[in-house]
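Reading the structure
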Amino acid sequence: MLVLGIETSCDETAAAVVSDTREIRSNVVLSQTAEHIPYGGVVPEIAARAHIEHVDTIVAEALRRAETALVNVDAIAVTGGPGLIGGVIVGVMIAKALASVHGKPFIAVNHLEGHALTARLTDSVEFPFLLLLMSGGHCQFLVVHGVGDYHRLGGTVDDALGEAYDKTAKVLGLSYPGGPAVEKLAATGNPKNFAFPIPMRKRGGCDLSFSGLKTAVRMQVTELQEIGISEQDKADIAASFQYTAGEHVAERLQHALKEFARLCPDGKNVVLAGGVAANRYLRGRLESVTQEQGMRLIVPPPALCTDNAAMIAW
Ligand code: KG4
Ligand code: ZN
């Protein structure tokens with residue numbers, strides 16, 4: 001079976017053809033980064049218009065690279081939400097039009113479910129598994145029992161981790177998208193130079209919080225700007241932010257692992273998903289936590305962590 005997937009919920013116009021035998025026949029992603037850079041973040045209206053301009057060529061390119069045509073596709077899947085509504089409408093309308101004209105089933109897919117199940121496409125991970133989903137808009141722990149069968153253990157009570165990376169990038173004057181820029185700068189900084197408080201230390205459970213850390217970063221930057229902030233200061237702040245965020249997520253993961261062991265004593269797999277899972281430092285930090293507990297950590301390759309249509313087709 002072959003499925004055409006379309007993803008337009010944020011600032012990537014993407015289409016892919018994936019088979020039910022885990023073969024990614026094509027995976028085309030057009031990033032709109034250049035269009036949003038002048039504004040320091042995604043502008044929903046610009047994103048929606050850019051999707052309209054490019055979605056037909058991207059779909060055609062995905063079919064071409066897969067060496068197939070719409071007549072050979074068994075179904076058309078598209079992100080039906082959550083996401084920026086203008087972009088979601090563009091994707092849904094083109095998918096409905098194609099499905100209607102070619103008489104194919106139309107399948108609306110939850111974007112987060114796409115991220116959640118990617119590790120089954122790339123690594124054939126078996127159910128149940130513990131999922132830590134970290135994207136630009138969401139951050140949560142879920143027990144994944146099966147397709148459509150999710151149990152939420154906890155999530156952020158304020159900002160998503162990707163959002164905290166993006167805001168940190170903005171106050172440091174780094175270009176959008178912030179996550180990769182902060183990760184790169186952090187690699188040259190001293191993570192112990194600024195002691196930002198680790199969130200929720202006194203609270204049990206699996207919830208997370210990043211807004212206090214975001215504010216601490218902003219206040220530190222403002223304070224240093226008054227006396228003149230150096231490039232090394234910026235690198236140290238990026239590193240200290242990333243270290244603190246990593247410690248917080250690692251601590252919460254320990255709580256989530258206990259809960260997962262109670263609910264699914266035979267479960268052995270932990271999966272990271274969403275754009276922030278592309279971060280090498282965090283992967284390493286969370287890998288040490290899972291190894292200590294005798295669990296296996298699975299992270300899809302970076303290009304399948306950030307938004308793409310292969311996960312929607314799959
Ligand atoms: O899953 P995604 O591509 O889009 C959403 O569904 O939100 O995630 C995008 C988020 C952005 O906040 C971006 O800054 C973050 O993922 N991100 C990263 C890295 N690459 C992307 N954050 C930290 N380190 C990275 N290397
Ligand atoms: Zn996403």
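Procedures and definitions
- Residues numbered from 1 in each chain as written.
- Chains lettered and ligands numbered in written order.
- Predicted model: local features only at pLDDT ≥ 70, side-chain atom pairs only at ≥ 80, totals over all residues.
- Heavy atoms only, no water.
- Core = buried A, V, L, I, M, F, W, Y, C linked by side-chain atoms within 4.5 Å.
- Buried < 20%, exposed > 50% of the residue type's maximum accessible area, 1.4 Å probe, protein only.
- Helix = DSSP H or I, 4+ residues; strand = E, 2+ residues; numbered from the N terminus.
- Contact = heavy atoms within 4.5 Å.
- Axes fitted to C-alpha atoms, helices over the stretch in contact; angles between N-to-C directions.
- Parallel < 35°, antiparallel > 145°, perpendicular 65-115°, else oblique.
- Near = heavy atom within 4 Å.
- Polar contact = N/O pair within 3.5 Å; in protein donor to acceptor, adjacent residues only side chain to side chain.
- Areas by Shrake-Rupley, 256 points an atom, 1.4 Å probe, with all protein chains shown as cover.
- Donors = N, O, S within 2.8 Å, 3.2 Å for Na, K, Ca; no water.
- Salt bridge = Lys/Arg side-chain N within 4 Å of Asp/Glu carboxyl O.

Attention now goes to the nonpolar core. Membership of the largest hydrophobic core comes to 50 residues, with the highest contact counts inside it found for Leu130, Met134 and Leu161. Taken together, the elements giving at least two residues each to this core come down to β6 (129-134), β7 (139-146), α5 (161-171), α6 (178-186), α7 (211-227), α8 (231-263), β9 (269-273) and α9 (280-292). Broken down by element, the residue count for this core peaks at twelve residues, all from α8. Apart from the residues within four sequence positions on either side, Leu161 is in contact with Met134, Ser135, Cys139, Phe210, Ala245, Val249, Val276 and Leu282. Among the nonpolar cores identified, the runner-up in size contains 23 residues, and Leu2, Leu4, Val28 and Ala66 belong to it.

This brings us to the packing of α5 against α7. Across the interface, α5 lies against α7 with an axial gap of 10 Å and an inter-helix angle of 5 degrees. Taken together, the axes of α5 and α7 are roughly parallel relative to one another. The residues of α7 that touch α5, namely those facing Lys167, Thr168 and Val171, are Lys214, Val217, Arg218, Val221 and Gln225.

In the region of ligand 1, 18 residues are neighbours, and Gly136, Asp166, Glu183, Gly275 and Asn279 sit closest. Interatomic distance of 3.1 Å between a side-chain N/O atom of His111 and an oxygen atom of ligand 1. Within the backbone of Gly162, an N or O atom sits 3.2 Å from an oxygen atom of ligand 1. About the coverage of ligand 1: the protein hides 88% of its 550 Å² of free accessible area. Put simply, the parts of the chain that give the shell around ligand 1 at least two residues each are α4 (111-123), α5 and α6.

The next point concerns the coordination of the zinc ion (ligand 2). By definition of the ideal shapes, four donors in a tetrahedron about a metal sit 109.5 degrees apart, and six donors in an octahedron sit 90 or 180 degrees apart. At 2.0 to 2.1 Å from the zinc ion (ligand 2) lie its protein donor atoms, namely His111 (NE2), His115 (NE2) and Asp307 (OD). Written as a sequence motif, the donor residues of the zinc ion (ligand 2) are H-x3-H-x191-D. One end of the pair, His111, is in helix α4; the other, Asp307, is in the loop between α10 (302-305) and α11 (310-313), and 196 residues separate them in sequence.

What follows concerns the pattern of salt bridges. Applying the stated rule across the entire model yields ten salt bridges. Here Arg201 makes a salt bridge to Glu251, at a shortest N to O gap of 2.3 Å. Taken together, the residues Arg201 in the loop between α6 and α7 and Glu251 in helix α8 connect sequence positions 50 residues apart. Assessed through its relative accessible area of 17%, Glu251 is described here as buried. The partner of Arg285 in a salt bridge is Glu247, with the nearest N and O atoms 2.7 Å apart. Highlighted residues: Arg285 in helix α9 and Glu247 in helix α8, separated in sequence by 38 residues.

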